[in-house]
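Structural features, examined
Here's the letter readout for the chains.
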Amino acid sequence: MMPPEDAADIAHHDEELHRRTLRKLDFLLLPFLALLFLFNSLDKSNQGLQIGNAESAHFTTDIGLRRSDLNTAVALFFAFFVALQPAGAALGRKYGMVVWVPSCMLLWGVSTALHTWVRARWQLYTLRIIIGCLEAGFYPVTVSYLSLFYTRFEFGRRLSLFYGQAAVGGALGGIISYLVFSHFPDVHQEHGDEGDPELDSRWQSWQVLFLLEGSLTIIVAVVGYLWLPHSVETAWFLTPEERVFASQRVIRDRATQSEPAAAQASAAEDEHHEYGGRDEESRGLLSSSRTQSGFKALDVTDDRGLSPHDVVSAFLNIRIWHILTINILAAVPVYAFQVFLPLVLAPLLPSSTSDDPDPALVNLLTAPPYIFGAIMLYVFASWSDNHRIRILPILCGLAIMATGLVLVVALPTTVAWAVPRYIALNVLLSGTFIASPLTVAWISGNTPSPGKRALLLGINGWGNLAGVISAFLFDPKYEDSGYIVPFWWTLACVSAAAGGYVLLWRNLKAENARREEILEKWDDEEIEMEKADGRGPLEQDHRIVRVMIDSLRRFGRLNGGVEWLEEAAQGGREGEEKMTFVYGL
């Protein structure tokens, strides 16, 4: 038996190793990933306010287009960005985050800078389509990559810092725009729109904005090739001992998901007594040392690899389509205000010497709502991680959004009510950023297979259809009325999303109860078989795959497709498909 003092030394060493490893991940990997997403937010029309900021400085007027062309450009971006989400996620998983994301980022940085010289409608549309194609899959690939380095209930808080860059990007975009517009004043404000030779000879503020943001994106992308490791085993900033530790803790954390509910509850109680004085992250790590017998250790720490089973099971997952629907509804205000907030704020401000408010002031006022949004996201994500829940914090975020929307539509749209309406917009954006990242955290935490996880996140990326909806909801024709009609429709979407999340919560509880009832009828050996490779007594259903195989065989020339589908149908249940898996709520 090990002497108590030796056991104490080992425990102290493990805790110190845990703290040191996590600190390096938090200060060397996470901030750089957040930086990538920040520039993604700045460059992407739906995340960075860039087009909206540029439009507040007469972007479309200067290049001879209509205001409605802006909405069409945003919609085209989303059409390609959304449609290619799963494809982008699959390619990112196949070639690896380290190669795929910096390469795409480099190219969209160039495309962003090229907006500086746009002079025709087709040029604007083409650039927005190219950027949409390049950015498709960025978010699911980077989030899936981030999940390879952290355990499940360390992940939500880190994801909030990562996803919070959407809010920070909105604030920073407004601040950058303010600085650019201050140093490069709008010619329209100074001289009017007609008869001014400076319009042809002097750089416009929106040109400087596009060139600056595009150039910074290119620089960050180049650094990304050198900074990012393929896995913790190849992380340049970890020692050999830390690499092994970092890998094993993630593998063991995923292994606990294949425990039956009773065993998970027992383990949680044990770790409460044994490690009651430690925080949730430490307890989650230390409990992971109880690796289950028969656990089939998958390679869950590398950013490359995609199996046929991953692809087929992801697209045949019924639950992801439910989540996608409510995610679209919940995300409408996210994309609406990240593009059109400067245009919503403009009518609240008194006009300057020209017919329009000062664009520098408009863009500066977009910063505080995003700062509040980032703060609230971190608070709710911390609550979610500490209590190991996802759906309740999401519902609370939707409630905050609904409150802000009710205030916005209830208050008068006159300039005299500008301050109360601005406060209402701050309330609204405080809850805007909570639902999406916590939904992603739920998907990630409930999908042990990294390949399938990346694809499910890619399918969930179709939730960006909300950007297309918002582009048409916030039509310029509603500007004179303060966009009241779009606000009402947005409130309806948020309310429907809340109902959908409640239904998801009820379905998950029912599924967990059903699985527990099934396991009560199995003996220990059958349960171990299910935990090991998903081959318990319950017969696995491959009906849809078999129908697809039979259909392909009728063509006679698609043997490759038949073999691929047959490979997808081989083996037992994996990950969350196992009856021993308990869905987190």
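Up top is the structure.
Now for a description of the structure that goes with this document. Quick caveat, the model's predicted, so the values are computed rather than measured.

A grouping of Val110, Leu114, Trp117 and Trp203 is seen on the molecular surface, where their side chains present a nonpolar patch of about 380 Å² in accessible area. As for its placement among the helices and strands, Val110 is situated in helix α7 (residues 97-114).

A word on empty space enclosed by the protein. This structure, assessed with the given rule, holds 6 cavities of 30 Å³ or more. Looking at the second largest cavity, its volume works out to about 90 Å³. For the second largest cavity, the full set of lining residues is Asn317, Arg319, Ile320, Ile323, Trp442, Ile443, Asn446, Thr447, Leu456, Glu576 and Tyr583. Looking at side-chain class alone, the lining of the second largest cavity contains 6 nonpolar, 3 polar and 2 charged residues.

This next bit is on the packing of aromatic side chains. This structure, assessed with the given rule, holds 13 aromatic pairs. Their ring planes at 20 degrees and their centres at 5.2 Å tell us that Phe77 and Phe81 sit as a pair that is stacked. Remark: Phe81 and Phe77 occur in helix α5 (residues 67-83); sequence separation between them is 4 residues, near one turn of the helix. We classify Phe77 as buried; its relative accessible area is 0%. With a centroid separation of 5.0 Å and 80 degrees between ring planes, the pair formed by Trp227 and Trp236 is classed as edge-to-face. Residue Trp227 is classed as partly exposed on the basis of its relative accessible area of 27%.

Moving on to the packing of α7 against helix α8 (residues 121-135). Contact geometry of α7 with α8 gives a least axis separation of 9 Å together with a crossing angle of 160 degrees. Relative to α8, the element α7 lies roughly antiparallel. Crossing of α7 against α8: the hand is left-handed. Residue-level inspection shows Cys104, Leu107, Trp108, Ser111, Thr112 and Leu114 of α7 in contact with α8, the latter providing Leu127, Ile130, Ile131, Leu134 and Glu135.

About the cut-offs
Residues numbered from 1 in each chain as written. Predicted model: local features only at pLDDT ≥ 70, side-chain atom pairs only at ≥ 80, totals over all residues. Heavy atoms only, no water. Patch = residues over 30% accessible without salt bridge, like charges linked within 9 Å, V, L, I, M, F, W, Y side chains within 5 Å. Areas by Shrake-Rupley, 256 points an atom, 1.4 Å probe, with all protein chains shown as cover. Salt bridge = Lys/Arg side-chain N within 4 Å of Asp/Glu carboxyl O. Helix = DSSP H or I, 4+ residues; strand = E, 2+ residues; numbered from the N terminus. 1 Å grid on protein atoms, 1.4 Å probe; cavity = no way out; pocket = protein on both sides within 12 Å on 5 of 7 lines; lining within 4 Å. Points joined across faces, edges and corners; volume = space filled by probe spheres on them. Nonpolar A, V, L, I, M, F, W, Y, C, P; charged D, E, K, R; others polar. Phe/Tyr/Trp six-rings, centres within 6.5 Å; stacked < 30°, edge-to-face > 60°. Buried < 20%, exposed > 50% of the residue type's maximum accessible area, 1.4 Å probe, protein only. Axes fitted to C-alpha atoms, helices over the stretch in contact; angles between N-to-C directions. Parallel < 35°, antiparallel > 145°, perpendicular 65-115°, else oblique. Left-handed = near helix turned anticlockwise from the far one by under 90°. Contact = heavy atoms within 4.5 Å.

By themselves, these figures tell us nothing about what the structure is for.
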